[in-house]
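Secondary and tertiary structure notes
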Amino acid sequence: MLRLHPLLALMERLTAISTRLHDRRRGVDGATMRGHIGEDAAYFYLRRLGFRVVAQRWENEFAPGEVDIVAWEGETLCFIEVKTRRQNAPIATEAAIDGEKQRAMERQADAYVRELPWPEGRRPNIAIRFDAVLVHLREKGRPDIQLIRNVF
């Protein structure tokens, strides 16, 4: 289990409270609220693992959909799908990343990389990876979180 830095743990807790309050005020449904809670938990989990998160809930008008988290792990640019379920959910979390979702993530990754500021208009060869973070929410306590590198 990863050891929590006290300041990061406090930021994580305050972010979770803020997200819940914001979603309630906006009248967000339960599934969307659960997804936001999972994305926040995944963000802090990845930070503890040493990822450098550069975007959350990234969207582009030319690539429909949303990338939950974009982060660098060393020299690798990672596009991360976060799947959040209740602890007793009947469907396996990783089953939700089907072929259609994979193609959408690839289009979004391509759009993201094209928007990066390249020197002299040249695009260097960078390593790209597609990961998933599976978040299982418990009734009480911290969620169970698992990172799957190279999910496809």
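Computed from a predicted model, the values in this text were never measured in an experiment. (Residues numbered from 1 in each chain as written. Predicted model: local features only at pLDDT ≥ 70, side-chain atom pairs only at ≥ 80, totals over all residues. Heavy atoms only, no water.)

Turning our attention to the overall build of the chain. Scanning the chain from terminus to terminus reveals 3 helices and 5 strands. The linear arrangement of helices and strands in the chain, starting from the amino end, is α-α-β-β-β-α-β-β. Counting all 152 residues of the chain, 40% fall into the buried class. With an accessible surface of roughly 9400 Å², the chain has 50% of that area assigned to carbon and sulfur atoms. (Helix = DSSP H or I, 4+ residues; strand = E, 2+ residues; numbered from the N terminus. Buried < 20%, exposed > 50% of the residue type's maximum accessible area, 1.4 Å probe, protein only. Areas by Shrake-Rupley, 256 points an atom, 1.4 Å probe, with all protein chains shown as cover.)

Attention shifts here to the pattern of salt bridges. As enumerated under the stated definition, the model contains 9 salt bridges in all. Shared partners join several salt bridges into a network, and the residues in it are Glu73, Arg129, Asp131 and Arg149. (Salt bridge = Lys/Arg side-chain N within 4 Å of Asp/Glu carboxyl O.)

Attention shifts here to the nonpolar core. Of all hydrophobic cores here, the largest spans 20 residues; its most connected members are Leu46, Phe51, Ile69, Ile80, Val133 and Val135. Elements with a contribution of two residues or more to this core: helix H2 (30-49), strand S2 (63-73), strand S3 (76-86), strand S4 (127-137) and strand S5 (144-148). It is H2 that provides the largest number of residues to this core, a total of 8 residues. Ignoring anything within four residues of it in the chain, the contact list for isoleucine 80 reads Leu46, Phe51, Val67, Asp68, Ile69, Ala71, Met105, Asp131, Ala132 and Val133. Grouped together as the second largest cluster of nonpolar side chains are 14 residues, Val70, Leu77, Met105 and Val113 included. (Core = buried A, V, L, I, M, F, W, Y, C linked by side-chain atoms within 4.5 Å. Contact = heavy atoms within 4.5 Å.)

Another point: the environment of glutamate 39. Turning to its location among the elements, glutamate 39 is positioned in helix H2. Judged by relative accessible area, which is 8%, glutamate 39 ranks as buried. The spacing of glutamate 39 and glutamine 56 is 17 residues in sequence and 8.5 Å in space, taken between C-alpha atoms. In this view, glutamate 39 contacts Gln56, Arg57, Glu66, Asp68, Ile69, Val82 and Thr84; residues no more than four positions away in its chain are not counted.

Let us look at the packing of aromatic side chains. Tallied over the full model, the rule gives 5 aromatic pairs. Judged by centre distance (4.9 Å) and plane angle (85°), the ring pair of tyrosine 43 and phenylalanine 44 falls under edge-to-face. Owing to a relative accessible area of 18%, tyrosine 43 belongs among the buried residues under this scheme. Of the residues examined, phenylalanine 44 reaches a relative accessible area of 2% and is grouped as buried. A centroid spacing of 4.6 Å and a plane angle of 20° characterise the contact between phenylalanine 130 and phenylalanine 152, whose relative ring orientation is stacked. Of this pair, phenylalanine 130 sits in strand S4 while phenylalanine 152 is found in the segment after S5, placing the two residues 22 residues apart along the sequence. The exposure class of phenylalanine 152 is partly exposed, given its relative accessible area of 28%. (Phe/Tyr/Trp six-rings, centres within 6.5 Å; stacked < 30°, edge-to-face > 60°.)

Another point: the sheet that holds S2. Where strands meet in a sheet, backbone hydrogen bonds hold them as pairs that are either parallel or antiparallel. Spatially, S1-S2-S3-S4-S5 is the arrangement adopted by the 5 strands of the open sheet, whose pairing is mixed. Single-partner strands in this sheet number two, and they are strand S1 (52-60) and S5. With strand direction ignored, the average angle separating the axes of adjacent strands in the sheet is 30°. As paired strands, S1 and S2 are joined by 6 bridges and run antiparallel to one another. Considered in S2, the bridge of tryptophan 58 is made with valine 67. (Pairing = 2+ DSSP bridges. Axes fitted to C-alpha atoms, helices over the stretch in contact; angles between N-to-C directions.)

Attention now goes to the pairing of S5. A one-sided burial pattern is seen for S5, the buried positions being Ile145 and Leu147 and the unburied ones Asp144, Gln146 and Ile148. The pairing of S4 with S5 spans 5 bridges and is classified as antiparallel. Considered in S5, the bridge of alanine 132 is made with isoleucine 148.

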